[in-house]
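# Close look at the chain arrangement
For reference, the chains in residue letters:
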Amino acid sequence: MMEDPEQAANDAGQTTFHESAYRFSVALNELHQTNPWPETPVLAPAINLLATELWDRCFGLTEITPAFKDAAADLPRYAAGEEVRP
């Protein structure tokens, strides 16, 4: 059976989307694990920098703000009540 070219392009786009988020999270985790200044956390400034980078890439405030709020609001469902991944 031949794969639909449009579906293949959609699948490739979705894979790229997930891979980008995964690579960013791995890089942040590595920075967190090797942080020479434990009194200066990595995550909050990284998320702040991500927000400003998104703005610099022409995402609007009306896109960025709800995206962060929605992600934070949805996290408890994903985490199933756990503080960190078991």
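Residues numbered from 1 in each chain as written. Predicted model: local features only at pLDDT ≥ 70, side-chain atom pairs only at ≥ 80, totals over all residues. Heavy atoms only, no water.

### Quick word on the overall build of the chain
When its secondary structure is counted, the chain shows three helices and zero strands. Listing every helix and strand of the chain by position from the N terminus yields α-α-α. In terms of C-alpha radius of gyration, the chain reaches 17 Å, well past the compact-globule figure of 12 Å for 86 residues. Each of the three principal axes of the chain carries a C-alpha extent, and together these read 55 × 35 × 25 Å. The proportion of buried residues among the 86 residues of the chain is 6%. Total accessible area on the chain stands at roughly 7700 Å², and carbon and sulfur atoms take up 63% of it. Put simply, the chain has 5 plus and 14 minus side-chain charges, and the middle of one group is 4 Å from the middle of the other. (Helix = DSSP H or I, 4+ residues; strand = E, 2+ residues; numbered from the N terminus. Rg over C-alpha atoms; globule rule 2.2 N^0.38 Å. Buried < 20%, exposed > 50% of the residue type's maximum accessible area, 1.4 Å probe, protein only. Areas by Shrake-Rupley, 256 points an atom, 1.4 Å probe, with all protein chains shown as cover. Lys, Arg positive; Asp, Glu negative; His and termini not counted. Charge placed at Lys NZ, Arg CZ, Asp CG, Glu CD.)

### Things to note about helix H2 (residues 43-56)
Residue pairs three or four apart in sequence face the same way in an α-helix, which turns once every 3.6 residues. Helix length check: H2, at 14 residues, gives a terminal C-alpha distance of 20 Å against a target of 20 Å (1.5 Å per residue), a fit within 8%. Positive backbone phi, approximately 75°, marks Cys 58, located one or two places after H2. (Expected span 1.5 Å × (residues − 1).)

### So, the confidence of the model for the chain
With 99% of its residues at a pLDDT of at least 70, the chain reaches an overall mean of 93. Across the chain, element-level confidence peaks in H2 with a mean pLDDT of 96 and bottoms out in helix H1 (residues 5-33) with 93. (pLDDT = per-residue confidence, 0-100.)

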